[in-house]
Amino acid sequence: MTQISYGLFSELLLVRIHGRAEAYLQASSAERLALVAACRGEATVPDLAQRILSRTIYAQASSRIGPLRELLQNALDASPPGARIDVRSTEDGREISVADQGRGMSRTELLADLLVPFRSGKAGEPDAIGEHGIGFFSALEIAPWIEVVTATPSGGHRLLVAPLGAGPPYDDFSWTLLSLPRSSAAPPPGLAGAAAPPRRSTTGTSVRLSLAQPISRPALAAEVASAVGLVDPAVARIYVDGTLVNTARARLRRAAEVPLRLPPSGELCGALELLVGRGEGVEPQLTITQKGLTVAARIDPFPGPELGLHRELARAITAAGFGLVAELPLAVPLNKGRSAVAASASTAVEAALVAAFERFILRDALYDRELLRAVDHRLSSVLDRLVQAALLGESVTIASAQAVDELDPGARTPTVAAPEQVIRFASGLLDAPLFRSIVVDAGPRPPGAALSPLLGQLHARSAPLTLRELLKAHRDGVLRPLEASPPGPGRSAARAPLGGAAAPEAAGREAPGARPGELVYLAIDEPLAQAFWRRLATEGAASPPLAEAAAAAPQRAASAAPCPMPRTSRDALLSIAAEVPGVRAVAAAMTVIERLEAAISEAADLPTSPIWVHQDLYGPDEMAHTDGSGISVNLASSRVRTLLTAVLLRDDAVAFTALTDLLLHEKTHVSLASYVPRPTAEHGTSFYRRKDWMRRRLLAAIASGAVADPMRWLAVARRGLASAALPAPAELSRAFQSAAAAA
């Protein structure tokens, strides 16, 4: 075989178009010139190859991240699992290199695949995602001069690429291919001015780019992390100038998995995985990835009015600092720039994403109260208050940021600092058709007979009911447990998508819920229904249907019935509940918290906030920033009770530190929010940055003596205290209910 040492990109493409590539690779120099001339003479458009090259190179990447992602994708496809990939730069930012420990490329692969657009040696490989054959060409837009050094077990090659003509854009590119001795086949150890990477394996590829515009090392690290930061380290460990950048995967957990079928055949191509997490490297948005590589990012992942509830909850999740990652199976095709799902598969991917999100919400966030709090404790608090009001048949209006001018400053009531979209979602969730139910005439059913054997004899209709309708049915005494989910076709059609339109039979009904003379049957074998039955059971309902449903539903962690107590100052507490055992200990604990809050406020140059106590008024949180200025402690929280008891018994530094962190958290909210809920009270990056700033200010002030150590007040608070035992929540609740009844 004749060795080829020099040529043009356009020549390789031209002979490929005319089916003479093999002859070109084996011909002598004179024969190659004749072949190229013959192909040009046969071409209808003489400069067709140059046009294709120009469109391929200069129409794929909208930013520098695109070419970097393409090169890293090639390195991932070529590397064994868990291998190291190094991205390095020179100090002046003029050159960067991408080096892998993969299988390398042979001479034929370099000339027939790498340098020919729309040709890929990875076609058909099950674990490869680069199949379009344009990734290498996209790098030419940002780096017209490229050096590729590659090594295989049988030998090595060095490829030099240089532009021709005035540009950019350039008319064409030349290539020069040199064979390397086997001992020198490994890629060079590093770039001038950059630290040498660790010793590499004997095979692999290094691509060195001479950039048209320099890039700083921090910018390079950020751009590489945005492209490959979600890659699983088990797939590859990616370093930028010696620092590992793909560490975010450990902060994600799998929330849902949905099978994905591609049109038109409907063939199963794998499963879409929805991952949820937060922390460094996890952006608070929806990120679509494939093999961990970023495909696209969305701020609003669910467009359209029919997905309004999805959109509001996604905003609430991201407002709390959480990120959603949708990992596509490898069989899902992407567009040629790999910045979006191909049009042929986009509808199927969108449907799978909606299904995965619903599964996450219904199985995690709404099923488990603790997980709901982890997603966004403000949503839990708002939803808890709305459900409680609906259970009692009351209507509750929660102030939003838009109603600030309509509020009476003198009539402030406790609330939670939640963004408006959280309040809208929590309110809309009560009216979303989420529960598959069966509504039957009450008369024909024999007393005590089970429903399932009689379904064929009764006039029954399946209906997707809302939470508000179920609570009304419970108040009216017509709600019953169903032994199994509604059978037959109604099982798939009864529930509309979360936030979507109701099923046709529900959309046409004249009145919501059950009509007079009808009973509502709700299944007891579905996660959301089980959560509903358990919630009714915790409210103290003792009717046989509720007892039957609670016994049949699988039990999770037991939770005590709430013992509400309104927000109360120390003076009011001692006035109303002075005879309740343990109230004096609560007053002493409030003294400790007041001194701690004063130290935080003085260190951060903030006004002090009043301290109150309450029980479950704001949901399950340990503390609450009630009106933007004050902080209230939840005496029904087991964690708070443990911490307060520990600091009252002895100088427990661990418990005092945990109590300080809780107070810092709520004080940060107070410093960011006013009485009405505002978006600035969100748990975003700015929130935690400010909380950390306040913590550092407090520690520095204590160390310098500007603020007295709050732990010194523990001994003062314990003076005259007979016992550190706190009052039982039920006794406190009864004392305040009796006082309210007497008033």
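Residues numbered from 1 in each chain as written. Predicted model: local features only at pLDDT ≥ 70, side-chain atom pairs only at ≥ 80, totals over all residues. Heavy atoms only, no water.

Participant: Teacher, can you tell me more about the overall build of the chain here?
Facilitator: Assigned secondary structure in the chain consists of 25 helices and 22 strands. Counting only residues that meet the buried cut, the chain has 52% of its 743 residues in that class. Of the contacts formed within the chain by residues at least 6 apart in sequence, a portion of 69% connects residues at least 24 apart. As presented, the chain carries roughly 32,200 Å² of accessible surface, and 55% of it is formed by carbon and sulfur atoms. (Helix = DSSP H or I, 4+ residues; strand = E, 2+ residues; numbered from the N terminus. Buried < 20%, exposed > 50% of the residue type's maximum accessible area, 1.4 Å probe, protein only. Contact = heavy atoms within 4.5 Å. Areas by Shrake-Rupley, 256 points an atom, 1.4 Å probe, with all protein chains shown as cover.)

Participant: Which parts of the structure should I look at to understand the sheet that holds strand 17 (residues 479–482)?
Facilitator: Each strand in a sheet pairs with its neighbour through backbone hydrogen bonds, running either in the same direction (parallel) or in the opposite one (antiparallel). Taken together, the 4 strands give an open sheet; going across it, the order is 16-15-18-17, and neighbouring strands pair in mixed fashion. Whereas interior strands pair on both sides, the edge strands pair on one side only; in this sheet they are strand 16 (460–465) and strand 17. Adjacent strand axes in the sheet meet at a mean angle of 35°, parallel and antiparallel pairs treated alike. Bridging between strand 15 (residues 435–441) and strand 16 involves 6 bridges; their strand directions are antiparallel. Residue pairing in the sheet places Val439 in a bridge with Arg461 of strand 16. (Pairing = 2+ DSSP bridges. Axes fitted to C-alpha atoms, helices over the stretch in contact; angles between N-to-C directions.)

Participant: Would you take a moment to explain the pattern of salt bridges for this structure?
Facilitator: A side chain of one charge can pair with a side chain of the opposite charge when the charged atoms of the two come close. Applying the stated rule across the entire model yields 18 salt bridges. For Arg217, the salt bridge identified is with Asp241, shortest N-O distance 3.7 Å. You can see Arg217 sitting in helix 8 (residues 217–228) and its partner Asp241 sitting in the loop between strand 8 (236–240) and strand 9 (243–244), a full 24 residues away along the chain. On the basis of relative accessible area, Arg217 is assigned to the partly exposed category, the value being 31%. Given the relative accessible area of 22%, Asp241 is considered partly exposed. Notably, a salt bridge pairs Arg254 with Glu273, separated by 3.1 Å at the nearest N-O pair. One end of the pair, Arg254, is in strand 10 (residues 252–262); the other, Glu273, is in strand 11 (residues 267–277), and 19 residues separate them in sequence. Given a relative accessible area of 16%, Glu273 falls into the buried group. (Salt bridge = Lys/Arg side-chain N within 4 Å of Asp/Glu carboxyl O.)

Participant: Just checking my understanding: could you explain the sheet that holds strand 19 (residues 565–568) for this structure?
Facilitator: What the 4 strands build is an open sheet, ordered 19-20-22-21; its pairing is mixed. The sheet is open, and its two edges are formed by strand 19 and strand 21 (623–625), each paired on a single side. On average, each strand axis in the sheet is tilted by 20° relative to the strand beside it, whichever way the strands run. With 4 bridges joining them, strand 20 (residues 611–615) and strand 22 (residues 631–634) adopt parallel strand pairing. Bridge pairing links His614 to Asn634 in strand 22. Packing of helix 20 (residues 583–604) onto the sheet brings it into contact with strand 19, strand 20 and strand 22, and relative to strand 20 it is tilted by some 130°. Contacts from helix 22 (residues 653–672) reach strand 21 and strand 22 within the one sheet, and its direction differs from that of strand 21 by about 15°.

Participant: Even after reading the chapter, I still don't get the side chain of Thr466, so can you show me in this structure?
Facilitator: Mapped onto the secondary structure, Thr466 falls in the loop between strand 16 and helix 14 (467–476). Relative accessible area serves as the criterion here: at 6%, Thr466 is assigned to the buried category. Ignoring sequence-local partners within four residues, the contact set of Thr466 consists of Leu430, Asp431, Ala432, Pro433 and Phe435.

Participant: Explain the side chain of Thr289 here, please?
Facilitator: Among the structural elements, Thr289 can be located in strand 12 (residues 286–290). Of note is the side chain of Thr289, whose polar atom sits 2.3 Å from the side chain of Glu327. Apart from the residues lying within four places of it in its own chain, the contact partners of Thr289 are Leu230, Thr294, Val295, Val325, Ala326, Glu327 and Leu328. (Polar contact = N/O pair within 3.5 Å; in protein donor to acceptor, adjacent residues only side chain to side chain.)

Participant: Quick question: what am I supposed to make of the environment of Ser346 here?
Facilitator: Looking at where Ser346 falls in the secondary structure, it is placed in helix 10 (residues 343–365). Among the residues examined, Ser346 registers a relative accessible area of 27% and is labelled partly exposed. Through-space distance from the C-alpha of Ser346 to that of Leu262 is 9.1 Å; in sequence the pair is 84 residues apart.

Participant: Help me understand the nonpolar core, please; the structure alone is not making it clear to me.
Facilitator: Within soluble globular proteins, side chains that are nonpolar tend to cluster in buried spots. Among the nonpolar cores identified, the biggest contains 52 residues, and Phe9, Leu115, Ile146, Leu159, Leu209, Val224 and Val228 are the most heavily contacted of them. Residue contributions to this core peak at 5 residues, all from helix 5 (residues 65–78). Here Leu159 is in contact with Leu110, Leu114, Leu115, Ile146, Glu147, Val148, Trp175, Thr176 and Leu177, once residues within four sequence places are set aside. (Core = buried A, V, L, I, M, F, W, Y, C linked by side-chain atoms within 4.5 Å.)

Participant: How should the pairing of strand 7 (residues 204–210) be read in this particular structure?
Facilitator: Taken residue by residue, a regular strand's side chains alternate between the two faces of the sheet. With 5 of its 7 residues buried, strand 7 lies for the most part within the structure. Pairing between strand 3 (residues 95–100) and strand 7: 6 bridges, direction antiparallel. Across the sheet, residue Val98 finds its bridge partner in strand 7, namely Val207. Judged from the 7 bridges that link them, strand 4 (residues 145–152) and strand 7 form a sheet pairing that is antiparallel. Paired with Glu147 across the strands is Arg208, a residue of strand 7.

Participant: Would you explain the confidence of the model for the chain in this entry?
Facilitator: Regions with low pLDDT should not have their predicted coordinates read in detail. Mean pLDDT over the chain: 75, with 71% of residues reaching 70 or higher. Below pLDDT 50 for its whole length, residues 485–511 participates in 53 contacts with residues either more than four positions away or in separate chains. (pLDDT = per-residue confidence, 0-100.)

Participant: Just checking my understanding: could you explain helix 3 (residues 29–42) for this structure?
Facilitator: The periodicity of an α-helix, 3.6 residues per turn, causes residues three or four places apart in sequence to face the same way. For helix 3, with 14 residues, the first-to-last C-alpha span of 20 Å sits near the 20 Å given by 1.5 Å per residue. Residues of helix 3 that are buried include every one of Arg32, Leu35, Val36 and Cys39, and no others. Angular distribution of buried residues about the axis of helix 3 spans 95°; they occupy a single face of the element. Residues of helix 3 that are exposed and point over 90 degrees away from its buried face: Ala30, Leu33 and Gly41. At its buried positions, helix 3 is contacted by strand 1 (6–8), helix 1 (9–17) and helix 2 (21–26). (Expected span 1.5 Å × (residues − 1). Arc of directions from axis to C-beta.)

Participant: What is the right way to read the packing of helix 20 against helix 22 from this model?
Facilitator: One way to put it is that helix 20 packs onto helix 22 with a least axis distance of 10 Å and a crossing angle of 60°. With respect to helix 22, the axis of helix 20 lies oblique. Every pair of crossing elements has a handedness; the one defined by helix 20 and helix 22 is right-handed. Contacts from Val592, Ile593, Leu596, Glu597, Ile600 and Ser601 of helix 20 reach helix 22 at Phe656, Leu659, Thr660, Leu663, Leu664 and Lys667. For the contact of helix 20 with helix 22, a count of residues per class yields 8 nonpolar, 2 polar and 2 charged. (Parallel < 35°, antiparallel > 145°, perpendicular 65-115°, else oblique. Left-handed = near helix turned anticlockwise from the far one by under 90°. Nonpolar A, V, L, I, M, F, W, Y, C, P; charged D, E, K, R; others polar.)

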